[in-house]
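# Examination of the molecular architecture
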Amino acid sequence: MSAYSPVVEEGLERMLAMVRGDFDLSWMDSNPTGWGHRVQPGASGLGLRDVDTGAYGVVPEYGSSHGSMAPRGCFVPADTPSLGMYDLNEKATVWSDNAAMLYDEAVTRQWNSVTDVPWHKLQKLPDDIEKAVCQMCTNFTEVEFVAGDMPAKWLCHINHDFHEVKLFLATQIMDEARHMDVFRKRALANGGGLLMASPGNEALLAAILQAPNYTTASALMHIFGEGFILTLFRAGEFLAPTEVEKTIFRLCMQDEARHVAYGVKHLQYFVARHPEMMEEIHHILGLGEEAIFRLTLEPQTLEPRAILAGKGVENIQLGMTRLAFLYNKQITEYLQRLKIAGIDRLPRMKIPAELPALGPEV
Ligand SMILES: [Fe+2]
Ligand SMILES: [Fe+2]
(Lines give C-alpha, C1' and ligand atoms only; values in the text may rest on other atoms or scores of the structure.)
(Ligands and ions follow the chains in the order given, each with its own letter.)
Protein backbone atom coordinates (compact mmCIF):
# COMPACT_ATOMS: atom_id res chain seq x y z
CA MET A 1 0.00 0.00 0.00
CA SER A 2 1.30 3.44 -0.95
CA ALA A 3 2.44 5.86 1.75
CA TYR A 4 1.00 8.74 -0.27
CA SER A 5 -2.51 10.05 -0.72
CA PRO A 6 -4.27 9.48 -4.07
CA VAL A 7 -3.65 13.08 -5.17
CA VAL A 8 0.09 12.81 -4.50
CA GLU A 9 0.18 9.42 -6.28
CA GLU A 10 -1.55 10.97 -9.26
CA GLY A 11 0.93 13.87 -9.26
CA LEU A 12 3.87 11.45 -9.21
CA GLU A 13 2.42 9.49 -12.11
CA ARG A 14 1.92 12.71 -14.05
CA MET A 15 5.53 13.70 -13.46
CA LEU A 16 6.75 10.30 -14.63
CA ALA A 17 4.65 10.70 -17.77
CA MET A 18 6.26 14.09 -18.37
CA VAL A 19 9.71 12.57 -18.00
CA ARG A 20 8.66 10.14 -20.74
CA GLY A 21 7.77 13.08 -22.97
CA ASP A 22 4.01 13.23 -22.42
CA PHE A 23 3.27 16.95 -22.13
CA ASP A 24 0.01 18.87 -22.43
CA LEU A 25 0.99 22.46 -23.37
CA SER A 26 -2.64 23.52 -23.91
CA TRP A 27 -2.07 26.55 -21.63
CA MET A 28 0.13 28.01 -24.37
CA ASP A 29 -2.91 28.67 -26.55
CA SER A 30 -5.42 29.22 -23.76
CA ASN A 31 -5.85 32.97 -24.23
CA PRO A 32 -5.42 33.89 -27.90
CA THR A 33 -7.14 37.28 -27.60
CA GLY A 34 -4.85 38.24 -24.74
CA TRP A 35 -1.66 37.27 -26.58
CA GLY A 36 0.59 39.70 -28.48
CA HIS A 37 0.22 42.53 -25.96
CA ARG A 38 3.00 45.11 -25.91
CA VAL A 39 3.48 48.19 -23.78
CA GLN A 40 5.45 51.39 -23.97
CA PRO A 41 6.88 52.81 -20.76
CA GLY A 42 5.81 56.41 -20.19
CA ALA A 43 8.14 59.28 -19.36
CA SER A 44 8.19 58.29 -15.69
CA GLY A 45 8.44 54.51 -16.13
CA LEU A 46 5.98 51.69 -16.63
CA GLY A 47 2.84 52.54 -14.69
CA LEU A 48 -0.36 50.57 -14.20
CA ARG A 49 -2.11 52.63 -16.83
CA ASP A 50 0.70 51.97 -19.32
CA VAL A 51 0.35 48.24 -18.96
CA ASP A 52 -3.42 47.86 -18.69
CA THR A 53 -4.22 48.87 -22.25
CA GLY A 54 -6.51 47.36 -24.87
CA ALA A 55 -8.63 44.48 -23.61
CA TYR A 56 -6.58 44.36 -20.40
CA GLY A 57 -7.68 47.88 -19.56
CA VAL A 58 -11.40 47.18 -19.84
CA VAL A 59 -12.85 47.17 -16.33
CA PRO A 60 -16.25 45.45 -16.29
CA GLU A 61 -19.26 47.12 -14.65
CA TYR A 62 -19.66 43.88 -12.73
CA GLY A 63 -16.59 41.86 -11.82
CA SER A 64 -16.22 38.26 -12.94
CA SER A 65 -18.63 35.83 -11.36
CA HIS A 66 -16.08 33.04 -10.90
CA GLY A 67 -15.22 34.47 -7.48
CA SER A 68 -11.55 33.51 -7.70
CA MET A 69 -8.31 35.46 -7.63
CA ALA A 70 -7.73 34.81 -11.34
CA PRO A 71 -6.25 38.00 -12.83
CA ARG A 72 -8.41 40.17 -15.08
CA GLY A 73 -7.73 39.28 -18.72
CA CYS A 74 -6.52 35.69 -18.35
CA PHE A 75 -8.33 32.51 -19.38
CA VAL A 76 -10.20 31.07 -16.39
CA PRO A 77 -10.75 27.28 -16.52
CA ALA A 78 -14.35 26.23 -15.87
CA ASP A 79 -13.39 24.22 -12.78
CA THR A 80 -11.75 27.20 -11.05
CA PRO A 81 -13.26 27.22 -7.56
CA SER A 82 -14.85 30.33 -6.07
CA LEU A 83 -13.24 31.56 -2.87
CA GLY A 84 -16.69 32.59 -1.68
CA MET A 85 -15.59 35.91 -0.23
CA TYR A 86 -15.78 38.55 -2.96
CA ASP A 87 -19.15 40.22 -2.66
CA LEU A 88 -18.24 43.75 -3.78
CA ASN A 89 -18.73 42.91 -7.43
CA GLU A 90 -20.20 46.12 -8.77
CA LYS A 91 -17.56 48.49 -10.10
CA ALA A 92 -19.35 51.61 -8.80
CA THR A 93 -19.13 50.42 -5.20
CA VAL A 94 -15.34 50.78 -5.10
CA TRP A 95 -14.12 52.39 -8.30
CA SER A 96 -12.27 55.64 -8.71
CA ASP A 97 -10.84 56.76 -12.06
CA ASN A 98 -7.63 57.95 -10.40
CA ALA A 99 -6.86 54.72 -8.48
CA ALA A 100 -4.21 53.45 -10.93
CA MET A 101 -2.47 56.82 -11.10
CA LEU A 102 -2.53 57.16 -7.31
CA TYR A 103 -1.09 53.66 -6.95
CA ASP A 104 1.80 54.53 -9.25
CA GLU A 105 2.42 57.70 -7.29
CA ALA A 106 2.23 55.86 -3.98
CA VAL A 107 4.77 53.20 -4.87
CA THR A 108 7.23 55.71 -6.26
CA ARG A 109 6.93 58.10 -3.29
CA GLN A 110 7.35 55.74 -0.36
CA TRP A 111 9.37 57.13 2.51
CA ASN A 112 10.38 55.77 5.87
CA SER A 113 10.59 57.01 9.42
CA VAL A 114 14.00 55.40 9.93
CA THR A 115 16.07 57.57 7.61
CA ASP A 116 13.85 60.27 6.09
CA VAL A 117 13.20 62.27 9.25
CA PRO A 118 16.13 64.38 10.53
CA TRP A 119 15.93 62.92 14.05
CA HIS A 120 19.41 64.24 14.85
CA LYS A 121 17.91 67.73 14.77
CA LEU A 122 15.68 67.07 17.77
CA GLN A 123 16.43 69.54 20.52
CA LYS A 124 15.37 70.01 24.10
CA LEU A 125 12.11 71.95 24.12
CA PRO A 126 10.34 73.84 26.91
CA ASP A 127 8.25 71.46 28.99
CA ASP A 128 4.86 72.77 27.85
CA ILE A 129 5.85 72.49 24.19
CA GLU A 130 7.28 68.96 24.54
CA LYS A 131 4.15 67.86 26.42
CA ALA A 132 1.91 69.40 23.77
CA VAL A 133 3.86 67.69 20.96
CA CYS A 134 3.73 64.37 22.81
CA GLN A 135 -0.01 64.67 23.48
CA MET A 136 -0.69 65.58 19.85
CA CYS A 137 1.43 62.62 18.73
CA THR A 138 -0.40 60.31 21.15
CA ASN A 139 -3.58 61.48 19.48
CA PHE A 140 -2.30 60.90 15.94
CA THR A 141 -0.85 57.51 16.87
CA GLU A 142 -4.30 56.52 18.12
CA VAL A 143 -6.26 57.58 15.05
CA GLU A 144 -3.89 57.08 12.10
CA PHE A 145 -4.31 53.37 11.61
CA VAL A 146 -8.07 53.42 11.29
CA ALA A 147 -7.23 54.34 7.72
CA GLY A 148 -5.32 51.05 7.54
CA ASP A 149 -7.89 48.90 9.30
CA MET A 150 -10.80 50.26 7.26
CA PRO A 151 -9.39 49.37 3.80
CA ALA A 152 -8.08 46.08 5.24
CA LYS A 153 -11.60 45.22 6.39
CA TRP A 154 -13.03 45.71 2.88
CA LEU A 155 -10.13 44.52 0.70
CA CYS A 156 -10.99 40.84 0.89
CA HIS A 157 -14.53 41.64 -0.31
CA ILE A 158 -13.49 43.51 -3.46
CA ASN A 159 -13.72 41.56 -6.71
CA HIS A 160 -10.28 40.88 -8.14
CA ASP A 161 -11.19 42.49 -11.46
CA PHE A 162 -10.87 45.85 -9.72
CA HIS A 163 -7.19 45.35 -8.98
CA GLU A 164 -6.37 49.05 -9.46
CA VAL A 165 -8.46 49.85 -6.39
CA LYS A 166 -7.10 46.92 -4.38
CA LEU A 167 -3.52 47.89 -5.14
CA PHE A 168 -4.16 51.50 -4.21
CA LEU A 169 -5.80 50.50 -0.91
CA ALA A 170 -2.81 48.26 -0.15
CA THR A 171 -0.54 51.30 -0.49
CA GLN A 172 -2.82 53.23 1.82
CA ILE A 173 -2.44 50.56 4.50
CA MET A 174 1.34 50.86 4.23
CA ASP A 175 1.11 54.67 4.31
CA GLU A 176 -0.93 54.56 7.50
CA ALA A 177 1.49 52.11 9.09
CA ARG A 178 4.20 54.71 8.51
CA HIS A 179 2.04 57.46 10.00
CA MET A 180 1.25 55.47 13.13
CA ASP A 181 4.90 54.58 13.46
CA VAL A 182 6.33 58.06 12.89
CA PHE A 183 4.05 59.81 15.41
CA ARG A 184 4.72 57.18 18.05
CA LYS A 185 8.42 57.54 17.36
CA ARG A 186 8.26 61.30 17.79
CA ALA A 187 6.41 60.99 21.11
CA LEU A 188 9.08 58.66 22.47
CA ALA A 189 12.11 60.38 20.98
CA ASN A 190 12.76 63.57 22.87
CA GLY A 191 12.56 63.03 26.60
CA GLY A 192 8.75 62.92 26.75
CA GLY A 193 6.49 59.96 26.01
CA LEU A 194 2.93 59.01 25.26
CA LEU A 195 0.28 60.90 27.21
CA MET A 196 -3.53 60.52 27.21
CA ALA A 197 -5.75 58.49 24.85
CA SER A 198 -8.91 60.01 23.43
CA PRO A 199 -12.27 58.35 24.21
CA GLY A 200 -13.92 60.97 22.00
CA ASN A 201 -11.91 59.92 18.98
CA GLU A 202 -12.93 56.32 19.45
CA ALA A 203 -16.52 57.28 18.58
CA LEU A 204 -15.39 58.56 15.20
CA LEU A 205 -13.18 55.53 14.63
CA ALA A 206 -16.10 53.25 15.46
CA ALA A 207 -18.37 55.05 12.99
CA ILE A 208 -15.76 54.47 10.26
CA LEU A 209 -15.16 50.82 11.08
CA GLN A 210 -18.84 49.98 11.59
CA ALA A 211 -20.19 51.82 8.54
CA PRO A 212 -22.73 49.56 6.80
CA ASN A 213 -21.07 49.58 3.38
CA TYR A 214 -17.79 50.49 1.73
CA THR A 215 -18.85 53.80 0.21
CA THR A 216 -20.23 55.30 3.40
CA ALA A 217 -17.11 54.15 5.25
CA SER A 218 -14.99 55.75 2.53
CA ALA A 219 -16.95 59.03 2.55
CA LEU A 220 -16.54 59.31 6.29
CA MET A 221 -12.90 58.34 6.35
CA HIS A 222 -11.32 59.44 3.05
CA ILE A 223 -13.19 62.72 2.71
CA PHE A 224 -14.25 63.74 6.19
CA GLY A 225 -11.58 62.31 8.51
CA GLU A 226 -8.54 62.35 6.24
CA GLY A 227 -9.67 65.61 4.64
CA PHE A 228 -9.61 67.31 8.05
CA ILE A 229 -6.21 65.78 8.78
CA LEU A 230 -4.87 66.85 5.38
CA THR A 231 -5.85 70.47 6.00
CA LEU A 232 -4.28 70.24 9.45
CA PHE A 233 -1.02 68.80 8.11
CA ARG A 234 -0.91 71.49 5.43
CA ALA A 235 -1.00 74.01 8.26
CA GLY A 236 1.59 71.88 10.07
CA GLU A 237 4.15 74.68 10.09
CA PHE A 238 2.45 76.40 12.97
CA LEU A 239 2.02 73.20 14.98
CA ALA A 240 5.64 72.12 14.50
CA PRO A 241 8.24 73.51 16.87
CA THR A 242 11.26 71.95 15.09
CA GLU A 243 12.30 70.74 11.69
CA VAL A 244 11.57 67.19 12.81
CA GLU A 245 7.82 67.77 13.17
CA LYS A 246 7.75 69.92 10.04
CA THR A 247 9.29 67.07 8.05
CA ILE A 248 6.85 64.56 9.52
CA PHE A 249 3.86 66.72 8.60
CA ARG A 250 5.19 67.31 5.10
CA LEU A 251 5.80 63.61 4.44
CA CYS A 252 2.43 62.54 5.86
CA MET A 253 0.67 65.31 3.94
CA GLN A 254 1.69 63.95 0.54
CA ASP A 255 0.26 60.55 1.50
CA GLU A 256 -2.98 62.01 2.85
CA ALA A 257 -3.46 64.00 -0.35
CA ARG A 258 -3.62 60.70 -2.26
CA HIS A 259 -6.07 59.15 0.18
CA VAL A 260 -8.40 62.14 -0.04
CA ALA A 261 -8.07 62.26 -3.85
CA TYR A 262 -9.17 58.63 -4.09
CA GLY A 263 -12.11 59.26 -1.75
CA VAL A 264 -13.39 62.28 -3.68
CA LYS A 265 -13.23 60.57 -7.07
CA HIS A 266 -14.77 57.39 -5.71
CA LEU A 267 -17.69 59.22 -4.16
CA GLN A 268 -18.17 61.18 -7.39
CA TYR A 269 -18.23 57.93 -9.41
CA PHE A 270 -20.59 56.29 -6.93
CA VAL A 271 -23.22 58.99 -6.46
CA ALA A 272 -23.45 59.58 -10.22
CA ARG A 273 -24.62 55.97 -10.48
CA HIS A 274 -26.41 55.59 -7.16
CA PRO A 275 -28.22 58.85 -6.38
CA GLU A 276 -30.60 56.84 -4.20
CA MET A 277 -27.76 56.42 -1.69
CA MET A 278 -27.42 60.16 -1.12
CA GLU A 279 -29.42 60.12 2.14
CA GLU A 280 -27.29 57.38 3.63
CA ILE A 281 -24.14 59.31 2.76
CA HIS A 282 -25.51 62.50 4.32
CA HIS A 283 -26.42 60.52 7.42
CA ILE A 284 -22.92 59.15 7.99
CA LEU A 285 -21.32 62.52 7.31
CA GLY A 286 -23.59 63.94 10.01
CA LEU A 287 -22.35 61.30 12.45
CA GLY A 288 -18.77 62.28 11.69
CA GLU A 289 -19.44 65.98 12.04
CA GLU A 290 -21.01 65.53 15.46
CA ALA A 291 -18.30 63.13 16.59
CA ILE A 292 -15.51 65.51 15.66
CA PHE A 293 -17.23 68.38 17.40
CA ARG A 294 -17.47 66.34 20.57
CA LEU A 295 -13.68 66.32 20.54
CA THR A 296 -13.67 70.00 21.39
CA LEU A 297 -14.85 68.92 24.84
CA GLU A 298 -11.71 66.87 25.27
CA PRO A 299 -8.83 68.86 26.72
CA GLN A 300 -6.30 66.28 25.51
CA THR A 301 -7.26 66.91 21.88
CA LEU A 302 -7.67 70.64 21.60
CA GLU A 303 -5.38 72.11 24.28
CA PRO A 304 -2.08 70.72 23.00
CA ARG A 305 -2.81 72.08 19.54
CA ALA A 306 -3.68 75.46 21.03
CA ILE A 307 -0.42 75.51 22.98
CA LEU A 308 1.56 74.69 19.84
CA ALA A 309 -0.37 77.19 17.71
CA GLY A 310 0.25 79.88 20.35
CA LYS A 311 3.91 78.83 20.78
CA GLY A 312 3.56 78.25 24.51
CA VAL A 313 1.04 77.68 27.27
CA GLU A 314 1.12 81.38 28.14
CA ASN A 315 -0.31 82.09 24.67
CA ILE A 316 -2.87 79.31 24.66
CA GLN A 317 -5.73 81.76 24.01
CA LEU A 318 -3.97 83.18 20.98
CA GLY A 319 -3.48 79.57 19.88
CA MET A 320 -7.24 79.00 20.13
CA THR A 321 -7.83 81.91 17.78
CA ARG A 322 -5.45 80.38 15.29
CA LEU A 323 -7.18 77.02 15.61
CA ALA A 324 -10.50 78.69 14.85
CA PHE A 325 -9.04 79.91 11.54
CA LEU A 326 -7.83 76.39 10.88
CA TYR A 327 -11.31 75.00 11.60
CA ASN A 328 -12.86 77.41 9.12
CA LYS A 329 -10.35 76.28 6.51
CA GLN A 330 -11.06 72.63 7.26
CA ILE A 331 -14.78 73.16 6.74
CA THR A 332 -14.30 75.16 3.53
CA GLU A 333 -12.11 72.45 2.02
CA TYR A 334 -14.43 69.69 3.25
CA LEU A 335 -17.44 71.30 1.58
CA GLN A 336 -15.43 71.90 -1.59
CA ARG A 337 -14.35 68.25 -1.79
CA LEU A 338 -17.94 67.09 -1.37
CA LYS A 339 -19.05 69.54 -4.03
CA ILE A 340 -16.58 68.00 -6.48
CA ALA A 341 -18.04 64.61 -5.57
CA GLY A 342 -21.53 65.95 -6.38
CA ILE A 343 -22.81 66.50 -2.85
CA ASP A 344 -24.15 69.79 -1.56
CA ARG A 345 -23.48 69.40 2.14
CA LEU A 346 -23.69 72.95 3.44
CA PRO A 347 -27.50 73.04 3.95
CA ARG A 348 -27.35 69.70 5.77
CA MET A 349 -24.27 70.29 7.89
CA LYS A 350 -24.69 69.59 11.60
CA ILE A 351 -21.88 71.82 12.79
CA PRO A 352 -21.12 75.50 12.20
CA ALA A 353 -19.62 76.37 8.85
CA GLU A 354 -17.57 79.02 10.57
CA LEU A 355 -16.51 79.61 14.14
CA PRO A 356 -17.05 83.05 15.56
CA ALA A 357 -13.87 85.05 16.05
CA LEU A 358 -12.48 83.79 19.34
CA GLY A 359 -10.05 86.63 19.85
CA PRO A 360 -7.97 89.24 18.08
CA GLU A 361 -7.11 88.47 14.47
CA VAL A 362 -3.65 87.00 14.04
FE1 LIG B 1 -2.59 58.88 7.80
FE1 LIG C 1 -4.53 58.64 5.28
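In case you missed it, the structure is sitting above this.
Residues numbered from 1 in each chain as written. Chains lettered and ligands numbered in written order. Predicted model: local features only at pLDDT ≥ 70, side-chain atom pairs only at ≥ 80, totals over all residues. Heavy atoms only, no water.

### Brief notes about the nonpolar core
One broad rule of soluble globular proteins: the nonpolar side chains tend to lie buried together. Of all hydrophobic cores here, the largest spans 59 residues; its most connected members are Val-165, Leu-169, Tyr-214, Phe-224, Leu-267, Ile-281 and Tyr-334. Among the secondary structure elements, those contributing two or more residues to this core are α3 (99-108), α5 (146-155), α6 (163-189), α7 (199-209), α8 (214-234), α9 (243-273), α10 (278-294) and α12 (316-341). The element contributing the most residues to this core is α8, with nine residues. Apart from residues lying up to four places away in sequence, Leu-267 is in contact with Thr-215, Ala-219, Ile-223, Ile-281, Leu-338, Ala-341 and Ile-343. By size, the runner-up hydrophobic cluster in this structure holds 31 residues, among which are Val-117, Ala-132, Ile-229 and Ile-307. (Core = buried A, V, L, I, M, F, W, Y, C linked by side-chain atoms within 4.5 Å. Buried < 20%, exposed > 50% of the residue type's maximum accessible area, 1.4 Å probe, protein only. Helix = DSSP H or I, 4+ residues; strand = E, 2+ residues; numbered from the N terminus. Contact = heavy atoms within 4.5 Å.)

### Describing the coordination of the iron ion (ligand 2)
Summarising the metal site, the iron ion (ligand 2) is bound by the protein donors Glu-176 (OE), Glu-226 (OE), Glu-256 (OE) and His-259 (ND1), whose distances to it range over 1.9 to 2.2 Å. Coordination geometry of the iron ion (ligand 2): the four donor atoms subtend angles of 88 to 159 degrees at the metal centre, consistent with an arrangement described as irregular. In primary-sequence terms, the residues that donate to the iron ion (ligand 2) follow E-x49-E-x29-E-x2-H. Here the iron ion (ligand 2) and the iron ion (ligand 1) are spaced 3.2 Å apart, with Glu-176 acting as a shared donor. Residue Glu-226 is found in helix α8, and its partner His-259 is found in helix α9; the two are separated by 33 residues along the sequence. Taken individually, Glu-226 and His-259 each receive the classification buried, so the pair is uniform in this respect. (Donors = N, O, S within 2.8 Å, 3.2 Å for Na, K, Ca; no water. Tetrahedral: all angles 85-135°; square planar, octahedral: opposite > 155°, others 65-115°.)

### Here we look at helix α4 (residues 127-144)
Under the 1.5 Å per step criterion, the end-to-end length of α4 is 25 Å for 18 residues, consistent within 8% with the ideal 26 Å. In terms of residue burial, α4 counts as a mostly covered element, since 14 of its 18 residues are buried. (Expected span 1.5 Å × (residues − 1).)

### Quick notes on the coordination of the iron ion (ligand 1)
Around the iron ion (ligand 1), the protein supplies Glu-144 (OE), Glu-176 (OE), His-179 (ND1) and Glu-256 (OE) as donor atoms, at distances of 1.9 to 2.2 Å. Here the donor residues for the iron ion (ligand 1) map to a single chain with the spacing E-x31-E-x2-H-x76-E. For Glu-176, a relative accessible area of 0% gives the class buried.

### Here we look at the packing of aromatic side chains
Within this structure, the stated rule accounts for twelve aromatic pairs. The interplanar angle of 70 degrees and the centroid separation of 5.9 Å between the aromatic rings of Phe-293 and Tyr-327 together place this pair among those described as edge-to-face. Of this pair, Phe-293 sits in helix α10 while Tyr-327 is found in helix α12, placing the two residues 34 residues apart along the sequence. The partly exposed category is assigned to Phe-293, whose relative accessible area is 27%. A relative accessible area of 8% places Tyr-327 in the buried class. An aromatic cluster of three or more residues is present, and its members are Phe-140, Phe-183, Phe-233 and Phe-249. The side chain of Lys-91 reaches across the aromatic face of Trp-95, ending 5.0 Å from its centre. A cation over a ring is seen here: Arg-273 above Tyr-269, with NZ or CZ 3.5 Å from the ring centre. (Phe/Tyr/Trp six-rings, centres within 6.5 Å; stacked < 30°, edge-to-face > 60°. Lys NZ or Arg CZ within 6 Å of the ring centre and 35° of its normal.)

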